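Topology and contacts: notes
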Amino acid sequence: MLIVYDKNTEKIVGHCSRVFDSGKWREASLEELYPNKDRSNLATAYMPDDARFVGYGPNAWRLRKDENGIVVGIERMPALMISCDAQDTDKDEVPDIPADGNSVAHITVTTTDKSDTEVTFRTSRGTLNRRSAQTSEGKAVVDLRAATETVAVTVTATAKGYRTGTLNLEFIPVPAAHK
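Here we summarise the structure given alongside this text. (Residues numbered from 1 in each chain as written. Predicted model: local features only at pLDDT ≥ 70, side-chain atom pairs only at ≥ 80, totals over all residues. Heavy atoms only, no water.)

Focus on the overall build of the protein chain
A tally of helices and strands in the protein chain yields two helices and 16 strands. Since a compact globule built from 179 residues should have a radius of gyration of about 16 Å, the 22 Å found for the protein chain marks it as more spread out than a globular shape. For the protein chain, the C-alpha atoms occupy an extent of roughly 75 × 35 × 25 Å along the three principal directions. Per-residue burial over the protein chain gives 36% buried out of 179 residues. Relative to all contacts within the protein chain whose residues are 6 or more apart in sequence, the contacts with residues 24 or more apart total 56%. On the protein chain, roughly 10700 Å² of surface is accessible, and the fraction owed to carbon and sulfur atoms is 48%. (Helix = DSSP H or I, 4+ residues; strand = E, 2+ residues; numbered from the N terminus. Rg over C-alpha atoms; globule rule 2.2 N^0.38 Å. Buried < 20%, exposed > 50% of the residue type's maximum accessible area, 1.4 Å probe, protein only. Contact = heavy atoms within 4.5 Å. Areas by Shrake-Rupley, 256 points an atom, 1.4 Å probe, with all protein chains shown as cover.)

So this is what it looks like as structure tokens:
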């Protein structure tokens, strides 16, 4: 398998398995894959085919280098695991909080490699108490305050060098006794 990456950013930009050409298997060339493109910032690495690369997608991988900085393969990027303390009160397997404008869910992100990094959070609804947080011993917590509308909510956590974490939850109707 040929992995194509940008020499400046070290981001994987393409890949190609071996090709069957004139009755023989061979590796594709950079020139074949990008015939009319500027290839001056591109580099390649050859390695055995691995179905996991295609299965997980190219954005889940990064270059692996030896102690001299030479690319020797690829490795799956560590992930951001995201969870919250909200319960699933309506038993639909999605955590929820009342859509009262005051309820808060504590959102926790954990790096799978337990390293510390700056994590950026985004939400589709509600209000985060901060947009980014530095992990400590691989963990960071932010608060999500509910909106007053009953909607599905997606919270994402991103960090350079990590696979994105996603959490789905709901802002549900406020029980009559609490209004």
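What about unusual backbone geometry?
The phi dihedral of Lys-114 falls on the positive side, at around 60°, and the residue is not glycine. Assignment of secondary structure puts Lys-114 in the loop between β10 (104–111) and β11 (118–123). Of the residues examined, Lys-114 reaches a relative accessible area of 52% and is grouped as exposed. Despite not being glycine, Glu-137 has its phi angle at roughly 55°, a positive value. Along the chain, the position of Glu-137 falls in the loop between β13 (132–134) and β14 (139–145). Note on Glu-137: relative accessible area 68%, which makes it exposed.

Description of the environment of Asp-21
You can see Asp-21 is positioned in strand β3 (residues 19–21). In this structure the C-alpha to C-alpha distance between Asp-21 and Thr-112, which are 91 residues apart in sequence, comes to 42 Å.

A closer look at the pattern of salt bridges
In this structure the tally under the stated criterion is seven salt bridges. Put simply, Asp-50 and Arg-52 hold a salt bridge, and the shortest N to O gap is 2.7 Å. Among the residues examined, Arg-52 registers a relative accessible area of 49% and is labelled partly exposed. For Arg-125, the salt bridge is made with Glu-149, and the minimal N-O distance between the two is 3.0 Å. Linking Arg-125 in the loop between β11 and β12 (127–128) with Glu-149 in the loop between β14 and β15 (151–158), this pair joins segments that are 24 residues apart in sequence. A relative accessible area of 36% places Arg-125 in the partly exposed class. With a relative accessible area of 36%, Glu-149 lands in the partly exposed category. Within this structure, Asp-21, Arg-26 and Glu-32 form a network of salt bridges that share partners. (Salt bridge = Lys/Arg side-chain N within 4 Å of Asp/Glu carboxyl O.)

Quick look at the nonpolar core
Formed by 26 residues in total, the largest nonpolar core has its most connected members in Ile-107, Phe-121, Leu-144, Val-155 and Phe-171. Going through the elements one at a time, β8 (80–84), β10, β11, β14, β15 and β16 (165–172) are the ones with two or more residues in this core. When residues of this core are assigned to their parent elements, the largest contribution, four residues, is made by β15. Excluding residues that lie within four positions of it along the chain, Ile-107 makes contacts with Ile-82, Ser-83, Cys-84, Phe-121, Ala-140, Val-141, Val-142, Leu-144, Val-155 and Leu-167. Membership of the second largest hydrophobic core comes to twelve residues, among which are Met-1, Ile-3, Ile-12 and Trp-61. (Core = buried A, V, L, I, M, F, W, Y, C linked by side-chain atoms within 4.5 Å.)

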